[in-house]
Amino acid sequence: TVAVTAFGTWSISQRDPWITPSQYAGPNGTINVTLTIGDNTTTDARTGTITFYDQDTQQIAVVTVNQDGKPTSINIDPTKVTAPKTSGTVRQVTC
């Protein structure tokens, strides 16, 4: 949620398609706008923006959204385990 404070009516002038605001325009004053962030279906991180435009002052305010990529489907830690020949030691591997 971001608090939008404007001295005139405002609107969304630009946004990445995976960032969806709870409303696209508002009146003078302060109002909370909830940003719904879509799932990132790739393993790559991404950055997007949403731009708010004050129609009276013609100024903009930009919110930047950073989102990590989805986790890989398997991860092993540690990747190497060494134990003596006679050991009954068990090491936990998390998948």
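Structure's up top.
Residues numbered from 1 in each chain as written. Predicted model: local features only at pLDDT ≥ 70, side-chain atom pairs only at ≥ 80, totals over all residues. Heavy atoms only, no water.

J.: Report on the layout of surface pockets, specifying residues and quantitative values.
T.: What the largest pocket holds in volume is close to 220 Å³. For the largest pocket, the lining is made up of 15 residues, of which Val4, Thr5, Phe52, Ile60 and Ala61 are closest to its centre. Elements supplying a minimum of two residues to the lining of the largest pocket: strand E1 (2-6), strand E7 (46-54) and strand E8 (60-67). Tallying contributions element by element places E1 first for the lining of the largest pocket, with five residues. (1 Å grid on protein atoms, 1.4 Å probe; cavity = no way out; pocket = protein on both sides within 12 Å on 5 of 7 lines; lining within 4 Å. Points joined across faces, edges and corners; volume = space filled by probe spheres on them. Helix = DSSP H or I, 4+ residues; strand = E, 2+ residues; numbered from the N terminus.)

J.: Any chance you could break down the pairing of E1 for me, citing the residues and the numbers?
T.: Burial along E1 is one-sided: Val2, Val4 and Ala6 are buried, and none of Ala3 and Thr5, which face the opposite way, are. In the sheet, E1 pairs with strand E5 (residues 29-33) via five bridges, with the strands oriented antiparallel. Within the sheet, the bridge partner assigned to valine 4 lies in E5 and is isoleucine 31. (Buried < 20%, exposed > 50% of the residue type's maximum accessible area, 1.4 Å probe, protein only. Pairing = 2+ DSSP bridges.)

J.: Break down the packing of aromatic side chains for me, citing the residues and quoting the values.
T.: Taken as a whole, this structure holds one aromatic pair when the rule is applied. Against the face of tryptophan 18 rests arginine 46, its NZ or CZ located 3.8 Å from the ring centre. (Phe/Tyr/Trp six-rings, centres within 6.5 Å; stacked < 30°, edge-to-face > 60°. Lys NZ or Arg CZ within 6 Å of the ring centre and 35° of its normal.)

J.: Give a detailed account of the side chain of glutamine 67, specifying residues and quantitative values.
T.: Looking at the secondary structure, you find glutamine 67 in strand E8. For glutamine 67, a relative accessible area of 17% gives the class buried. Within polar-contact distance, the side chain of glutamine 67 engages the backbone oxygen of glycine 38 at 3.0 Å. A distance of 2.8 Å separates the side chain of glutamine 67 from the side chain of arginine 46, its partner in a polar contact. Setting aside residues no more than four positions away along its own chain, glutamine 67 makes contact with Trp18, Ile37, Gly38, Asp39, Asn40, Ala45 and Arg46. (Polar contact = N/O pair within 3.5 Å; in protein donor to acceptor, adjacent residues only side chain to side chain. Contact = heavy atoms within 4.5 Å.)

J.: Can you break down the sheet that holds E8 residue by residue, with the values?
T.: Taking strand neighbours across the sheet as the criterion, the four strands line up as E4-E2-E7-E8 in an open arrangement whose pairing is antiparallel. The two strands at the open ends of the sheet, each matched to only one other strand, are strand E4 (25-26) and E8. Across two bridges, strand E2 (residues 10-15) lies against E4 in antiparallel orientation. Paired with tryptophan 10 across the two strands is glycine 26, which belongs to E4.

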